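So you can see what is in the structure, the chains are spelled out below.
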Amino acid sequence: MNQRQALIAAALATVCAASMTQAVAAEEKEKCYGVAKAGANDCATGAHSCAGQAKTDNAPTEWKYVAKGTCEKSGGKTMAPAK
């Protein structure tokens, strides 16, 4: 294997390792409703279409990703509020 092939192989290995790390991190998170601060929500709700648009702190319909198992400890809920 020449130097160019070794460099390409190393780059591909890095990309694969990074994507596997992200997949594991995503599996260890859960949506937590009612804990997002104003402007710090993670995604859209019925009131807006983008992350970072929460108007108030701890609104029950706004959510953030948190480490799995920590939501209720921080005062949030893992289920969206009933409509």
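Residues numbered from 1 in each chain as written. Predicted model: local features only at pLDDT ≥ 70, side-chain atom pairs only at ≥ 80, totals over all residues. Heavy atoms only, no water.

### Brief notes about the layout of surface pockets
Here is step 1: Computed from the structure, the largest pocket encloses a volume of approximately 190 Å³.
Here is step 2: In this structure, the largest pocket is lined by Y33, A44, T45, G46, A47, T61, W63, A80, P81, A82 and K83.
Here is step 3: Of the residues assigned to the lining of the largest pocket, the class counts are 7 nonpolar, 3 polar and 1 charged. (1 Å grid on protein atoms, 1.4 Å probe; cavity = no way out; pocket = protein on both sides within 12 Å on 5 of 7 lines; lining within 4 Å. Points joined across faces, edges and corners; volume = space filled by probe spheres on them. Nonpolar A, V, L, I, M, F, W, Y, C, P; charged D, E, K, R; others polar.)

### Side note on the environment of A67
Here is step 1: Its location among the elements puts A67 in strand 2 (residues 63-67).
Here is step 2: Here the alpha-carbon distance between A67 and K31, two residues 36 residues apart in the chain, equals 8.9 Å.
Here is step 3: Leave out the neighbours within four places in its chain, and A67 touches E28, K29 and E30. (Helix = DSSP H or I, 4+ residues; strand = E, 2+ residues; numbered from the N terminus. Contact = heavy atoms within 4.5 Å.)

### Concerning the state of the cysteines
Here is step 1: Scanning all chains against the criterion turns up 1 disulfide.
Here is step 2: In this model C32 forms its disulfide with C71; the gap between the sulfur atoms is 2.0 Å. Between C32 and C71 the sulfur-sulfur dihedral comes to about 80 degrees; the bridge is accordingly right-handed. Remark: C71 occurs in the segment after strand 2 and C32 occurs in strand 1 (residues 29-33); sequence separation between them is 39 residues.
Here is step 3: Judged by its relative accessible area of 0%, C71 falls in the buried class.
Here is step 4: Looking at C43, it has no disulfide partner, and the nearest cysteine sulfur is the one in C50, 7.6 Å off. (Disulfide = S-S within 2.5 Å. Buried < 20%, exposed > 50% of the residue type's maximum accessible area, 1.4 Å probe, protein only.)

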